[in-house]
Amino acid sequence: AQSVTQPDIHITVSEGASLELRCNYSYGATPYLFWYVQSPGQGLQLLLKYFSGDTLVQGIKGFEAEFKRSQSSFNLRKPSVHWSDAAEYFCAVKGSGGSNYKLTFGKGTLLTVNP
Amino acid sequence: NAGVMQNPRHLVRRRGQEARLRCSPMKGHSHVYWYRQLPEEGLKFMVYLQKENIIDESGMPKERFSAEFPKEGPSILRIQQVVRGDSAAYFCASSPRRTSLFFGPGTRLTVL
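Calculation rules
- Residues numbered from 1 in each chain as written.
- Chains lettered and ligands numbered in written order.
- Predicted model: local features only at pLDDT ≥ 70, side-chain atom pairs only at ≥ 80, totals over all residues.
- Heavy atoms only, no water.
- Helix = DSSP H or I, 4+ residues; strand = E, 2+ residues; numbered from the N terminus.
- Rg over C-alpha atoms; globule rule 2.2 N^0.38 Å.
- Buried < 20%, exposed > 50% of the residue type's maximum accessible area, 1.4 Å probe, protein only.
- Areas by Shrake-Rupley, 256 points an atom, 1.4 Å probe, with all protein chains shown as cover.
- Pairing = 2+ DSSP bridges.
- Axes fitted to C-alpha atoms, helices over the stretch in contact; angles between N-to-C directions.
- Disulfide = S-S within 2.5 Å.
- Polar contact = N/O pair within 3.5 Å; in protein donor to acceptor, adjacent residues only side chain to side chain.
- Contact = heavy atoms within 4.5 Å.

## A few points about the overall build of chain B
In step 1: Counting its regular elements, chain B contains zero helices and eleven strands.
In step 2: Counting helices and strands in the order they occur from the N terminus, chain B gives β-β-β-β-β-β-β-β-β-β-β.
In step 3: In summary, chain B has a C-alpha radius of gyration of 13 Å against a globular reference of 13 Å for 112 residues, a match within 12%.
In step 4: Counting only C-alpha atoms, chain B reaches 35 × 25 × 25 Å along its principal axes.
In step 5: By residue count, 46% of the 112 residues in chain B fall in the buried class.
In step 6: Working note: accessible area of chain B is about 5700 Å², and carbon and sulfur atoms make up 48% of it.

This is how it looks when you write it as structure tokens:
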């Protein structure tokens, strides 16, 4: 069964600092990987996704993520964080086989941005 | 193109009452998914529907929960005889095919 681990429950960074949120997945074949962001009381917005090809994926709001098969990781990065980036971030994996519609989410990383 | 719409956004029920959550997918999307988010947890898959068909309900509790996506109208997630443990945020998502999901704003259910 597929699974996602986000090791950091809560991260605090200063505005303007760089950011990396970790995500490790478990899936037997080539996974489809996603990062979503959830602002308080809101739904989930897709930041970026990886299906195949270039392992460095660019997303919205200046975010990027790198797929590393050898480490089973899909870490999210941003070179300079803005106060509006404060939110909860979820990594998710979807299989490429028969159940290729079912997203499995990590428990999320809450990002706090200090001025 | 309006996004996925869910209503109500907030729903309060007393134990034993019924909760009906509605989801209107994005235009042109025939695939609907329901996920539940418990406090301090990620989202958990509940059910996947295509028009008039339940494709996979493996994540939905066997009792008290049901879902439908009729030919006309929104998808409905129905919870009968709610209990406190049903308090959660329920998110609907839609997609045109089995590709990227677009999520709605969620319905936050509180059971008193």
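## Observations concerning the sheet that holds strand S1 (residues 5–7) of chain B
All names here are of chain B.
In step 1: Strand order in the open sheet formed by four strands is S1-S3-S8-S7, with antiparallel pairing between adjacent strands. The open sheet has two edge strands, S1 and strand S7 (65–68), and neither has a second partner. In this sheet, neighbouring strand axes are inclined to one another by 15° on average, regardless of whether the strands run parallel or antiparallel.
In step 2: The sheet contact formed by strand S3 (residues 19–24) and strand S8 (residues 75–79) spans five bridges and is antiparallel. Opposite Ala 19, over in S8, you have Ile 79 as the bridge partner.

## Some points on the state of the cysteines
Residue and element names in this part refer to chain B.
In step 1: A full pass over the atoms with the stated rule returns two disulfides over all chains.
In step 2: With its sulfur 1.8 Å from that of its partner, Cys 23 forms a disulfide with Cys 92. Since a negative S-S torsion denotes a left-handed disulfide, the Cys 23-Cys 92 link at about -55° is left-handed. One end of the pair, Cys 23, is in strand S3; the other, Cys 92, is in strand S9 (residues 88–95), with 69 residues separating them in the sequence. Both residues of the pair, Cys 23 and Cys 92, count as buried.

## A word on the side chain of Asp56(B)
In step 1: Its location among the elements puts Asp56(B) in strand S6 (residues 53–56).
In step 2: A polar contact of 3.3 Å, which involves the side chain of Asp56(B), links it to the side chain of Lys102(A).
In step 3: The contact partners of Asp56(B), leaving out residues within four places of it in the chain, are Tyr101(A), Lys102(A), Phe45(B), Met46(B), Val47(B) and Tyr48(B).

## Structural notes on the environment of Arg14(B)
In step 1: Among the secondary structure elements, Arg14(B) is positioned in the loop between strand S2 (10–13) and S3.
In step 2: In this structure, Arg14(B) is in contact with Val82(B), Val111(B) and Leu112(B), ignoring residues within four places of it in sequence.

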